[in-house]
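Residue-level structure breakdown
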Amino acid sequence: MSNKLTVIKLNAIDSTNSFLKQQTKQTFVANFTLVHALEQTAGRGQMGATWLAEAGKSLTFSLLVRKPVEKFKHDFEFQMLVSVAIQQSLNKFGLASEIKWPNDIMAGGRKLGGILIEQLNDNQGNPTFIVGIGINVKQSNFNELPSATSLLLNGVDIEDDTILMLEIRDQIIELFENSSAESLAIIRTKYLSVLMKYQKPAVYQVNNLLFNALILGVSPEGKLVLQHENDEIREYGIKEVKMMY
Ligand SMILES: O=C(O)CCCC[C@@H]1SC[C@@H]2NC(=O)N[C@@H]21
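Now for a description of the structure that goes with this document. (Residues numbered from 1 in each chain as written. Predicted model: local features only at pLDDT ≥ 70, side-chain atom pairs only at ≥ 80, totals over all residues. Heavy atoms only, no water.)

A short note on the layout of surface pockets
Counted as a void, the largest pocket has a volume near 1,200 Å³. For the largest pocket, the lining is made up of 47 residues, of which A49, T50, W51, D104 and K111 are closest to its centre. The dominant element in the lining of the largest pocket, judged by the number of residues it contributes, is strand β6 (residues 110-121), at five residues. Shared between two domains, the lining of the largest pocket takes at least three residues from each, and those domains are domain 1 (7-193) and domain 2 (201-243). Roughly 430 Å³ of volume is contained in the second largest pocket. As for the second largest pocket, its lining consists of 21 residues, of which Q46, Q79, P102, N103 and I238 are closest to the centre. Breaking the lining of the second largest pocket down by element, the ones donating at least two residues are α2 (75-92) and β6. Looking at the lining of the second largest pocket element by element, the count peaks at five residues for β6. Counted by class, the lining of the second largest pocket contains 10 nonpolar, six polar and five charged residues. When residues of the lining of the second largest pocket are assigned to domains, at least three fall in each of domain 1 (7-193) and domain 2 (201-243). (1 Å grid on protein atoms, 1.4 Å probe; cavity = no way out; pocket = protein on both sides within 12 Å on 5 of 7 lines; lining within 4 Å. Points joined across faces, edges and corners; volume = space filled by probe spheres on them. Helix = DSSP H or I, 4+ residues; strand = E, 2+ residues; numbered from the N terminus. Domains from an automatic or database assignment. Nonpolar A, V, L, I, M, F, W, Y, C, P; charged D, E, K, R; others polar.)

Given below as structure tokens:
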């Protein structure tokens, strides 16, 4: 099946997410269409950030997934599914990565990849996810980004990164097509098993205030559940808290 899926390869584009969103609004785009760019001139990250990716040394691609009406109670279930699919794919290439809440892909405590999931209604009005994925592959230094890392810096030298990209796509599709209440519970368990600092003390920042806490879990809506030093338990949304170290 996967051989018949559409892959659009572009030499350069502003952002594969923006491109795929535009196409999806204008015309019918088949489910699981993938757009891969060798270079992004205006890559976008979470919360309005810029995603910098060195041309020829990074994977930057977006996948269209039509949102099933009743499959996910919360969009966070889909976010976990995508993170776990990437984590499992990297495992196949010999890298034991972690996920930093909510969905950064980490290796050796540094950021290896990021996910930007956007939603829109397609040209027929169907709710649709655009799953944007960026992975650092061959960079050997990150002068301006000291908290970033690449597959190469973690000893994984991939000759053809499109094989990794298609593996990630196929993992996402497999988990997505087989998803049920039971399989989503298993995905949640996997997510927590590779969640950075899960049940371990770490330093967090809220409103310029630093404090120690540990992750007790993640709520169904995707909020981070922290246990503070005084045993108080609080939930935080993505814009409210930052893990410092
Ligand atoms: O901030 C993050 O961690 C998310 C980064 C997502 C980057 C990818 S690269 C392919 C796709 N196109 C974009 O403009 N962004 C995503």
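What follows continues from the structure just given.
Focus on the pairing of strand β3 (residues 58-66)
In terms of burial, β3 is largely enclosed, as nine of its nine residues are buried. Alternating residues of β3 divide into S58, T60, S62, L64 and R66 and L59, F61, L63 and V65, and every residue in both groups is buried. Inspection of the sheet shows strand β2 (residues 34-40) paired to β3 by four bridges, in the antiparallel sense. Paired with A37 across the two strands is T60, which belongs to β3. Of the strand pairs in this sheet, β3 and strand β7 (residues 127-136) are connected by nine bridges, and their pairing is antiparallel. Residue pairing in the sheet places F61 in a bridge with I133 of β7. (Buried < 20%, exposed > 50% of the residue type's maximum accessible area, 1.4 Å probe, protein only. Pairing = 2+ DSSP bridges.)

Notes on the sheet that holds strand β12 (residues 242-243)
Overall, antiparallel pairing links the five strands, which are arranged β11-β10-β9-β8-β12 in an open sheet. Single-partner strands in this sheet number two, and they are β11 (233-236) and β12.

Comments concerning the site of the ligand
Taken together, 20 residues form the shell around the ligand, and within it S15, Q40, R44, Q46 and K111 come nearest. A distance of 2.7 Å separates an oxygen atom of the ligand from a polar atom in the side chain of S15. One of the side-chain nitrogen or oxygen atoms of K111 is found 2.6 Å away from an oxygen atom of the ligand. Cavity membership is defined here by more than half of the atoms lying within 2 Å of grid points; on that basis the ligand lies in the largest pocket. Elements with a contribution of two residues or more to the shell around the ligand: α1 (16-26), β3, β6 and β7. Looking at which element gives the most residues to the shell around the ligand, the answer is β6, with four residues. Of the residues that constitute the shell around the ligand, the class distribution is five nonpolar, 12 polar and three charged. (Near = heavy atom within 4 Å. Polar contact = N/O pair within 3.5 Å; in protein donor to acceptor, adjacent residues only side chain to side chain. Sits in = over half its atoms within 2 Å of the grid points.)

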